[in-house]
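So you can see what is in the structure, the chains are spelled out below.
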Amino acid sequence: MNTRPQNTSLVVMGVAGCGKSSLGQLCAEALGLPLLEGDDFHSESNVAKMRGGIPLSDDDRAAWLDALAAQLQSHPQGVVLTCSALKRRYRDRLRAATPGLRFVFLELTQDQARERVAARPAHLFPVSLVASQFATLEDPRQEPGVLPLDATQPLDDLGSAVVRWVRSAESLPSLETRS
């Protein structure tokens, strides 16, 4: 089912190893939206730091978040972005670029994340950085427009849940039309 809701932009977020790329690709295909891989927008110095096992600072992430915000703005008809979006202020920066932006939060334990990251040795992100991701993560579940999902569920089930969520939100009347 490739029926695209209008003006839908999603961020598939969570710590390293949660499955952002896999779910992002599935959702983009199901919704008929372009996919942006957040990691593709890191500077060479950020990539070098991560490959070297050095956690990124807020300053390291600032230009990256600006680039992602610009990418979101350049897709006014909707897009699926994969991005860790670990802190509220990072998510708010992206929300400022795209009003109505929604987040799919893939949750898993630190042990599960470590195991998944260890299983992909060619990736730029080493296992040694998983703990820093959990230390940085600010739980988004109480923020508006966030769908928390158990990242250990089958990918097809996760994708179906996201598509249902997007479509149900699209069919709700906006606040402006309610009396």
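Please read all numbers here as calculations on a predicted model, not as lab measurements.

What counts and what doesn't
Residues numbered from 1 in each chain as written. Predicted model: local features only at pLDDT ≥ 70, side-chain atom pairs only at ≥ 80, totals over all residues. Heavy atoms only, no water. Helix = DSSP H or I, 4+ residues; strand = E, 2+ residues; numbered from the N terminus. Buried < 20%, exposed > 50% of the residue type's maximum accessible area, 1.4 Å probe, protein only. Contact = heavy atoms within 4.5 Å. Areas by Shrake-Rupley, 256 points an atom, 1.4 Å probe, with all protein chains shown as cover. Pairing = 2+ DSSP bridges. Axes fitted to C-alpha atoms, helices over the stretch in contact; angles between N-to-C directions. Parallel < 35°, antiparallel > 145°, perpendicular 65-115°, else oblique. Left-handed = near helix turned anticlockwise from the far one by under 90°. Nonpolar A, V, L, I, M, F, W, Y, C, P; charged D, E, K, R; others polar. pLDDT = per-residue confidence, 0-100. Expected span 1.5 Å × (residues − 1). Core = buried A, V, L, I, M, F, W, Y, C linked by side-chain atoms within 4.5 Å.

**Re the overall build of the protein chain**
Part 1: Along its length, the protein chain carries seven helices and five strands.
Part 2: Within the protein chain, buried positions represent 44% of all 179 residues.
Part 3: A fraction of 78% describes how many contacts in the protein chain between residues 6 or more apart in sequence connect residues 24 or more apart.
Part 4: When the accessible surface of the protein chain is summed, it comes to about 9,000 Å², and 51% of that surface belongs to carbon and sulfur atoms.

**Points about unusual backbone geometry**
Part 1: Despite not being glycine, Ala85 shows a phi value in the positive range, around 45°.
Part 2: Summarising the element assignment, Ala85 is placed in the loop between β3 (78–82) and α4 (88–97).

**Regarding the pairing of strand β1 (residues 8–13)**
Part 1: For β1, the buried fraction is high: six of the six residues fall into the buried class.
Part 2: Residues Thr8, Leu10 and Val12 line one face of β1 and the alternating positions Ser9, Val11 and Met13 line the opposite face, and both faces are buried.
Part 3: Pairing geometry for β1 and β3, over five bridges, is parallel. Bridging across to β3, Thr8 finds its partner in Gly78.
Part 4: Here β1 pairs with strand β4 (residues 102–107) via four bridges, running parallel. When the bridges of β4 are listed, Val11 appears paired with Phe103.

**What about the packing of helix α3 (residues 58–73) against α4?**
Part 1: Where α3 contacts α4, the two axes come as close as 8 Å, and the packing angle between them is 25°. Classified by the angle their axes make, α3 and α4 are roughly parallel. Crossing of α3 against α4: the hand is right-handed. Here α3 contributes Asp58, Arg61, Leu65, Asp66, Leu68, Ala69, Leu72 and Gln73 to the contact with α4, which in turn contributes Arg89, Tyr90, Arg93, Leu94 and Ala97.
Part 2: Grouping the constituent residues of the contact of α3 with α4 by class yields seven nonpolar, one polar and five charged.

**Quick word on the confidence of the model for the protein chain**
Part 1: Confidence in the prediction for the protein chain averages 88 pLDDT; 88% of positions are at 70 or higher.
Part 2: Within the model, pLDDT remains below 50 along residues 1–5, and this stretch shows 16 contacts once partners closer than five positions in the same chain are excluded.
Part 3: Ignoring residues within four places in sequence, the model shows residues 173–179, a span with pLDDT below 50, making one contact including any to other chains.

**Comments concerning the environment of Leu36**
Part 1: Turning to its location among the elements, Leu36 is positioned in strand β2 (residues 35–37).
Part 2: Assessed through its relative accessible area of 10%, Leu36 is described here as buried.
Part 3: In this structure the C-alpha to C-alpha distance between Leu36 and Ser21, which are 15 residues apart in sequence, comes to 9.3 Å.

**Some details on the sheet that holds β4**
Part 1: Spatial ordering of the open sheet is given by β2-β3-β1-β4-β5, a layout of five strands whose pairing is parallel. This sheet does not close on itself; its edge strands, each paired only once, are β2 and β5 (146–150). Each strand axis lies, on average, 20° off the axis of its neighbour in the sheet, ignoring direction.
Part 2: Across the sheet, helix α1 (residues 20–31) is in contact with β1, β2, β3 and β4; its angle to β3 comes to roughly 170°.
Part 3: Where α4 meets the sheet, it contacts β1, β3, β4 and β5, and its direction lies at approximately 150° from that of β4.

**Considerations on α3**
Count 3.6 residues to each turn of an α-helix, and residues three or four apart come out pointing the same way.
Part 1: In this model α3 runs 22 Å from its N-terminal to its C-terminal C-alpha over 16 residues, within 8% of the 22 Å that 1.5 Å per residue would give.
Part 2: Every buried residue of α3 is listed here: Asp60, Arg61, Trp64, Leu65, Leu68, Ala69 and Leu72.
Part 3: Each element contacted by the buried residues of α3 is listed here: α2 (44–51), β3, α4 and α6 (130–136).

**Notes on the nonpolar core**
Part 1: Judged by nonpolar contacts, the single largest core of 50 residues is most densely connected at Leu94 and Val162.
Part 2: For Val162, the contacting residues outside a window of four places in its chain are Leu10, Leu23, Cys27, Val104, Leu147 and Leu149.

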